[in-house]
Amino acid sequence: MSGATGTTRTADTGFTAGRTGARLAELRAEGRGALVGYLPVGYPTVERSIEAARTMVEAGADVIEIGVPYTDPVMDGPTVQRAVEAALEGGTRVRDVFRLVSAVADLGVPALVMTYWNPVLRYGPDAFARDLAQAGGAGLITPDLIPDEADAWLAASDAHDLDRVFLVAPSSTPERLAATSAASRGFVYAASTMGVTGERTTLGGGAERLVAATRDAGAEHVCVGLGISTGAQAAEVGRFADGVIVGSALVRTLLDDAPFAQQLEALSGLTAQLADGVRSARSGA
Amino acid sequence: MTDPTNDPEARPVADHDESLQHTHGPYYGDFGGRFVPEALIAALDELDVEYRRAVADPEFRAELDRLQREYTGRPSPLTEVPRFAEHAGGVRVFLKREDLNHTGSHKINNVLGQALLVKRMGKRRVIAETGAGQHGVATATAAALLDLECVVYMGEEDTERQALNVARMRLLGATVVPVKLGSRTLKDAINEALRDWVANVDDTHYLLGTVTGPHPFPEMVREFHKVIGQEAREQVLDRAGRLPDVVVACVGGGSNALGIFNAFLDDDVRLLGLEAGGDGVDTGRHSARFSGGAPGVLHGARSYLLQDEDGQTLPSHSVSAGLDYPSVSPIHAWLHDTGRAEYRPVTDAEAMEAFRLLCRTEGIIPAIESAHALAGALVVGRELAASGKDDAVVLVNLSGRGDKDVATAARWFDVVDEQDIAKAATTEGSSL
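Quick caveat, the model's predicted, so the values are computed rather than measured.

Caption draft 1: Looking closely at the overall build of chain A. A count of helices and strands for chain A gives 12 helices and 11 strands. In terms of overall dimensions, chain A is globule-like: its C-alpha atoms have a radius of gyration of 17 Å, near the 19 Å expected for 285 residues. Reported as C-alpha extents along the three principal axes, the dimensions of chain A are approximately 50 × 45 × 35 Å. Among the 285 residues that make up chain A, the fraction classed as buried is 63%. Summarising the internal contacts of chain A: among those between residues at least 6 apart in sequence, 72% fall at separations of at least 24. Total accessible area on chain A stands at roughly 9800 Å², and carbon and sulfur atoms take up 50% of it.

What follows is the structure, encoded as structure tokens:
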């Protein structure tokens, strides 16, 4: 588990690279960015979400982002909403996320949990951090928690040595890019466009500018998410970002009526295509 | 030294002077904040600055005052209701008649304030959420008046229950989008409005309808509704010769309650908020956040919240669509925890009994939301009388009129054949 090394701190900016950051640094040395694949726990069932995550790792995902199903996912578009709604209807509990984290960590891949804040608040931020660390998790991505409101999470993630991935957006001011970069550990999540999760045909030039601005503001690693669904898009983003985050497109392979084995095949195929994209991005092509 | 009231940027943000009336966000005790995606922070910061500048600008205030007077019909009257009061232990009961405002409720106060602010900010599109349709109708109205594009998100279940308000909004030129995800009610309409706002924040303002959400919404919406209490305080002093003993209001998100409470926060006056108790708090089918919920985060603010042990939002229930919401204003949460205001649940049955009583004794058909406040007034009036204070003065915010609730009430009291209601609604709908 070379990814799970300790925390390193770059003295001049205050930005720190946790366990995900160490993996991103390794991949950078190899001349490529990471493929970060998202799936919600409990869709279609907890067991099957574990199988799906394993499939993604085998097909080339470098980091797994595990979503905690939540009743009010305001940063998610229809695809992820449908999956998390089904997961909740199926009786998925917040604590189920630790089973999936543990399964992913056993494969030697950083497991980040993507969660809205209230489930963590209800669980208790320190208790959640403790149980996440115990399961081998790398940290949290928090779409509705900005560093300004995150005192409890900053303390808990320090106490349990966890990554904390905050988001930046095209609308973020230079001051906020700097503050968010300083508060983040692992990487900074750059939202490629203004909007919610979901597939988009074009990404525009905003993502590259945002990554550059976030690096200028002190971030060591910046990964890009929102709207990426094809190998070509992954290659485009992988050229300038430390990681390419894909969610809705992967989730969609599990949303149709096909038998699960067939869905896994589609998931594997798309993951491989995205992984190829990321790997070819800086090969001088 | 600059006068802080004339220099908005010099005003403290997280601090407050001695008066509880001017408490500034983002925090009210342990409550409030900005629990939203980073993408919205720049817009919230801009809104905060523009709002402070606007309310300190005499021209803005004059224009808002003019609209309130000439368009809304302010000041709204104060009506004493002696026949109703006979059922409230014989105390004196006064109603603040927000039901007589243009569009039929207090909602227009906030909508006009925010819509003028939108013009000032140079945005041309507004979005809003609505449950029963009152805030949606008010927003569509202001958008028509001020030439703004308007999109209203409404849970699909609510669009079916409130078909006439959907038609009303469309007549006013608004686009109504039925929300088909989640529980298909107000909570999900807010989720969808937030998603729209994240994607279109450059040219769009989210015209939030109540005193909750991320800072500066609670403070700003309070500002635009505080006129209710300012007027009522003067009117009661004039008519009763003294301050009321108790001020009573229903609390959904909490805008009408805060609007009337605010002017009395520094007085020795009891403040009583009534939440929707639905079938009864012990049945689990209610919207009583204070007696049946716990602190948590929803829609941008930390407040009291109906939630399960995993922090998942629980569905709320009420006969009144306007009170059917699982969270509540962080300012009310703060007033609750500090003990400055008290909050009690009123069941559907108690509210409907008070509804019937006001219709029959005073010839006023209240909104079912406001009927919860009336039910609270009946209880507190009897309590006051029982403790020997039968000369007590109770002030009730009659936040809206009941036209929109006629079908629900007719069904509740079984005064019209079910099929006739459906037929009447269809005929009325098509003739619109």
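Caption draft 2: Representation of the UniProt feature "modified residue: N6-(pyridoxal phosphate)lysine" (unreviewed entry) in chain B. All names here are of chain B. Within this numbering scheme, the UniProt entry marks Lys107 as carrying the feature "modified residue: N6-(pyridoxal phosphate)lysine" (unreviewed entry). If you trace the backbone, lysine 107 turns up in helix α4 (residues 107-121). Those residues within four positions of lysine 107 in sequence are excluded, and the remaining contacts are Gln134, His135, Ala138, Gly209, Thr210, His225 and Ser255.

Caption draft 3: A look at the interface of chain B and chain A. Listed as interface residues are 34 residues of chain B and, on the opposing side, 34 residues of chain A. Together chain B and chain A conceal approximately 2900 Å² of surface at their shared face, both sides included; 50% is due to carbon and sulfur atoms. On the chain B side of the interface with chain A, the three residues burying the most area are Glu38, Arg195 and Asp310 of chain B, jointly 24% of the side's total. Our enumeration of links across chain B and chain A arrives at four salt bridges. Aspartate 72 of chain A is the partner of lysine 187 of chain B in a salt bridge, and the nearest nitrogen-oxygen pair spans 2.8 Å. Here chain B is connected to chain A by 20 residue pairs in polar contact (both at pLDDT 80 or more). When contributions to the side of chain B that touches chain A are tallied by element, the ones reaching two or more residues are β2 (31-35), α1 (41-55), α8 (186-200), β12 (294-298) and β13 (300-305) of chain B. For the side of chain B that touches chain A, the leading source of residues is α8 of chain B, giving seven residues.

Caption draft 4: Up close: the packing of aromatic side chains. Using the criterion set out here, one finds 14 aromatic pairs over all chains in the structure. Grouped by ring-pair contacts, the aromatic residues Phe31, Phe290, Tyr304 and Tyr343 of chain B constitute a single cluster.

Caption draft 5: Here's a closer look at the nonpolar core. Ranked by internal contacts, the top residues of the largest apolar core, which has 156 residues, are Ile66, Val97, Phe128, Trp153, Phe187 and Val224 of chain A together with Trp197 of chain B. The element that contributes the greatest number of residues to this core is α4 of chain B, accounting for eight residues. A domain-level breakdown of this core finds at least three residues from each of domain 1 (20-67 + 107-221) and domain 2 (71-104 + 225-412) of chain B. Residues Val319, Phe355, Ala373 and Leu398 of chain B belong to the second largest nonpolar core, which totals 37 residues.

Caption draft 6: Quick peek at the state of the cysteines. One pass over the structure, following the stated rule, counts zero disulfides over all chains. Of the cysteine sulfurs around cysteine 359 of chain B, a residue in no disulfide, the closest is that of cysteine 250 of chain B, at 16 Å.

Caption draft 7: Summary view of the pattern of salt bridges. Considering all chains together, one arrives at 52 salt bridges over all chains under this definition. With its nearest N and O atoms 2.8 Å apart, the salt bridge here joins glutamate 26 of chain A to arginine 23 of chain A. Taken together, the residues span about one helical turn, with glutamate 26 of chain A and arginine 23 of chain A both in helix α1 (residues 19-29) at a distance of three residues. With relative accessibility at 18%, the residue arginine 23 of chain A sits in the buried group. Arginine 52 of chain B is the partner of glutamate 219 of chain B in a salt bridge, and the nearest nitrogen-oxygen pair spans 3.3 Å. Highlighted residues: glutamate 219 of chain B in helix α9 (residues 217-225) and arginine 52 of chain B in helix α1, separated in sequence by 167 residues. Of the two residues, glutamate 219 of chain B and arginine 52 of chain B, both sit in the buried class. Through salt bridges with shared partners, a single network forms among Arg124, Arg125, Glu149, Asp196 and Asp203 of chain B.

Caption draft 8: Spotlight on the UniProt feature "domain: Tryptophan synthase beta chain-like PALP" (unreviewed entry) in chain B. On the UniProt side, "domain: Tryptophan synthase beta chain-like PALP" (unreviewed entry) is annotated at positions that read residues 73-397 of chain B here. The annotated region residues 73-397 of chain B carries 42% helix and 22% strand content, and the separation between its end C-alpha atoms amounts to 16 Å.

Caption draft 9: Seen up close, the sheet that holds strand β11 (residues 243-246) of chain A. Residue and element names in this part refer to chain A. Judged by pairing direction, the sheet is parallel, and its nine strands sit side by side in the order β7-β6-β5-β4-β3-β11-β10-β9-β8 without closing on themselves. Two strands bound the open sheet, and with one partner strand each, they are β7 (163-165) and β8 (167-168). By the bridge criterion, three bridges tie strand β6 (residues 139-141) to β7 in an arrangement that is parallel. Residue pairing for β7: leucine 140 is matched across the bridge by arginine 164. Running at roughly 170° to strand β3 (residues 34-40), helix α2 (residues 46-58) makes contact with β3 and β4 (63-67) of the sheet. Sheet contacts for helix α12 (residues 260-280): β3 and β11; angle to β3, the most-contacted strand, approximately 150°.

Caption draft 10: Just the side chain of glutamate 65 of chain A, in detail. Residues and elements named next belong to chain A. Its place among the elements puts glutamate 65 in strand β4. Arginine 200 provides the closest opposite charge to the buried, salt-bridge-free glutamate 65, at an N-O distance of 13 Å. With residues near it in sequence (within four places) discarded, glutamate 65 still touches Val36, Gly37, Tyr38, Leu39, Leu112, Met114, Ile141, Tyr189 and Ile245.

Caption draft 11: Representation of the UniProt feature "active site" (unreviewed entry) in chain A. Using the residue numbers shown here, the UniProt feature "active site" (unreviewed entry) corresponds to Glu65 and Asp76 of chain A. As for its position among the elements, aspartate 76 of chain A is in the loop between β4 and α3 (78-89). If we skip the residues at most four places from it in the chain, aspartate 76 of chain A touches Gln81, Met114, Tyr116, Val196 and Thr197 of chain A together with Arg195 of chain B.

Caption draft 12: How the structure looks around the domain arrangement of chain B. All names here are of chain B. When cut into domains, chain B gives domain 1 (20-67 + 107-221) and domain 2 (71-104 + 225-412). Taking only C-alpha atoms into account, the centre of domain 1 sits 22 Å from that of domain 2. Contact residues are listed per partner, giving 43 residues for domain 1 and 43 residues for domain 2. Across the interface of domain 1 and domain 2, roughly 3600 Å² is buried in total on both sides, 61% from carbon and sulfur atoms. Of all residues in domain 1, Leu20, Gln21 and Phe31 bury the most surface against domain 2, accounting for 20% of the area lost on that side. For the pair domain 1 and domain 2, the number of links is zero salt bridges. Across the domain 1-domain 2 interface, the total number found is 17 residue pairs in polar contact (both at pLDDT 80 or more). Contributing elements (two or more residues each) for the side of domain 1 that touches domain 2: β2, α2 (58-72), α4, α5 (134-145), α8 and α9.

Rules and cut-offs
- Residues numbered from 1 in each chain as written.
- Chains lettered and ligands numbered in written order.
- Predicted model: local features only at pLDDT ≥ 70, side-chain atom pairs only at ≥ 80, totals over all residues.
- Heavy atoms only, no water.
- Helix = DSSP H or I, 4+ residues; strand = E, 2+ residues; numbered from the N terminus.
- Rg over C-alpha atoms; globule rule 2.2 N^0.38 Å.
- Buried < 20%, exposed > 50% of the residue type's maximum accessible area, 1.4 Å probe, protein only.
- Contact = heavy atoms within 4.5 Å.
- Areas by Shrake-Rupley, 256 points an atom, 1.4 Å probe, with all protein chains shown as cover.
- UniProt positions renumbered as here; feature names shortened; annotations may be inferred.
- Buried area = accessible area lost by both parts, 1.4 Å probe.
- Salt bridge = Lys/Arg side-chain N within 4 Å of Asp/Glu carboxyl O.
- Polar contact = N/O pair within 3.5 Å; in protein donor to acceptor, adjacent residues only side chain to side chain.
- Phe/Tyr/Trp six-rings, centres within 6.5 Å; stacked < 30°, edge-to-face > 60°.
- Core = buried A, V, L, I, M, F, W, Y, C linked by side-chain atoms within 4.5 Å.
- Domains from an automatic or database assignment.
- Disulfide = S-S within 2.5 Å.
- Pairing = 2+ DSSP bridges.
- Axes fitted to C-alpha atoms, helices over the stretch in contact; angles between N-to-C directions.
- Lys, Arg positive; Asp, Glu negative; His and termini not counted.

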